[in-house]
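Here are the chains, one letter per residue:
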Amino acid sequence: MEDKRKFKYKFITSTVLLVICGLILALLCVALNIDRLFKLIKSDVAQTANYLSTGLAILVGVLGIVFISAFLISSNYSVTDRYLISRWGIILSKYEIKNITKITYFRVSEKLVVFYDEDNFINVCINKSEFDAFVDCLKKQNPKIFYAYDSENKGEK
């Protein structure tokens with residue numbers, strides 16, 4: 001059995017709804033501006049500025065669709081030999097595994113928090129069923145990581 005090294009980001013419902021609204025607006029932007037472009041082509045009084053602004057609006061809509069789709073599809077955490085990588089679409093953050101000191105699972109709020117470089121931390125948003133596999137994967141790379149359970153959320157920041 002192959003070790004799992006990639007963990008899909010778990011979005012909360014409100015984030016998914018906002019992203020879907022953004023995707024709908026981007027699609028609407030493209031569709032309405034394509035319609036506008038066809039009307040400009042048929043028009044006798046259209047100017048170059050009209051074509052440029054419509055083309056720019058279509059480009060912005062297409063870029064919105066690409067970025068929003070990438071956000072939904074490729075948001076994850078991955079563990080390499082050296083780094084914990086957090087990816088939100090095209091946004092990438094790397095944390096050196098050797099600098100991770102502690103991982104705490106807060107049972108009441110069901111949060112998994114990774115502490116690194118003494119006072120810094122990140123909340124890891126993955127399915128609860130994958131918490132142990134995630135921690136095991138990190139501990140394979142850095143056995144010095146302390147894994148703690150906080151059943152009363154006393155240490156949660």
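As the structure is a prediction and not an experimental result, all values here were calculated from the model.

The rules behind the values
- Residues numbered from 1 in each chain as written.
- Predicted model: local features only at pLDDT ≥ 70, side-chain atom pairs only at ≥ 80, totals over all residues.
- Heavy atoms only, no water.
- Helix = DSSP H or I, 4+ residues; strand = E, 2+ residues; numbered from the N terminus.
- Core = buried A, V, L, I, M, F, W, Y, C linked by side-chain atoms within 4.5 Å.
- Buried < 20%, exposed > 50% of the residue type's maximum accessible area, 1.4 Å probe, protein only.
- Contact = heavy atoms within 4.5 Å.
- Pairing = 2+ DSSP bridges.
- Expected span 1.5 Å × (residues − 1).
- Salt bridge = Lys/Arg side-chain N within 4 Å of Asp/Glu carboxyl O.

Q: Before we go on, may I ask you to explain the environment of Leu18 in this structure?
A: For Leu18, the location among the structural elements is in helix α1 (residues 13-42). In this structure the C-alpha to C-alpha distance between Leu18 and Lys6, which are 12 residues apart in sequence, comes to 25 Å.

Q: Explain the nonpolar core to me, please; I cannot follow it from the model alone.
A: The nonpolar side chains of soluble globular proteins are, as a tendency, buried together. Formed by 27 residues in total, the largest nonpolar core has its most connected members in Leu84, Ile100, Ile103, Leu112, Phe134 and Leu138. When residues of this core are traced back to their parent elements, those giving at least two are α2 (48-74), β2 (76-79), β5 (100-106), β6 (111-116), β7 (120-124) and α3 (131-141). When residues in this core are grouped by element, the largest group, 5 residues, is from α3.

Q: How should the side chain of Asn33 be read in this particular structure?
A: Structurally, the position occupied by Asn33 is in helix α1. For Asn33, a relative accessible area of 13% gives the class buried. Apart from residues lying up to four places away in sequence, Asn33 is in contact with Thr54, Ala57 and Ile58.

Q: Sorry if this is basic, but what is going on with the pairing of β7 here?
A: Two faces belong to every sheet, and in a regular strand the side chains alternate between them. Note: β6 against β7, 5 bridges, orientation antiparallel. Counted as the bridge partner of Tyr116 is Asn120 from β7. The hairpin formed by β6 and β7 contains 3 residues between the paired strands, and Asp117 there has a positive phi angle of roughly 45 degrees.

Q: I'm lost on α2 in this one. Help?
A: Residues three or four positions apart in an α-helix share a direction because the helix packs 3.6 residues into each turn. The terminal C-alpha atoms of α2 lie 38 Å apart, and with 27 residues this matches the ideal 39 Å at 1.5 Å per residue to within 8%. Restricting attention to buried positions, one finds in α2 the residues Thr54, Ala57, Ile58, Gly61, Gly64, Ile68 and Phe71. Looking at the buried positions of α2, the neighbouring elements they touch are α1 and β3 (83-88).

Q: How do you make sense of the pattern of salt bridges when you look at a structure like this?
A: Scanning all chains against the criterion turns up 5 salt bridges. For Arg82, the salt bridge is made with Glu96, and the minimal N-O distance between the two is 3.4 Å. Placement of Arg82 in the loop between β2 and β3 and of Glu96 in strand β4 (residues 91-96) is noted, with a sequence separation of 14 residues between them. Relative accessible area serves as the criterion here: at 22%, Glu96 is assigned to the partly exposed category. Across the pair Lys98 and Glu96 runs a salt bridge whose closest N-O atoms are separated by 3.9 Å.

So yeah, pure geometry; function would need other evidence.
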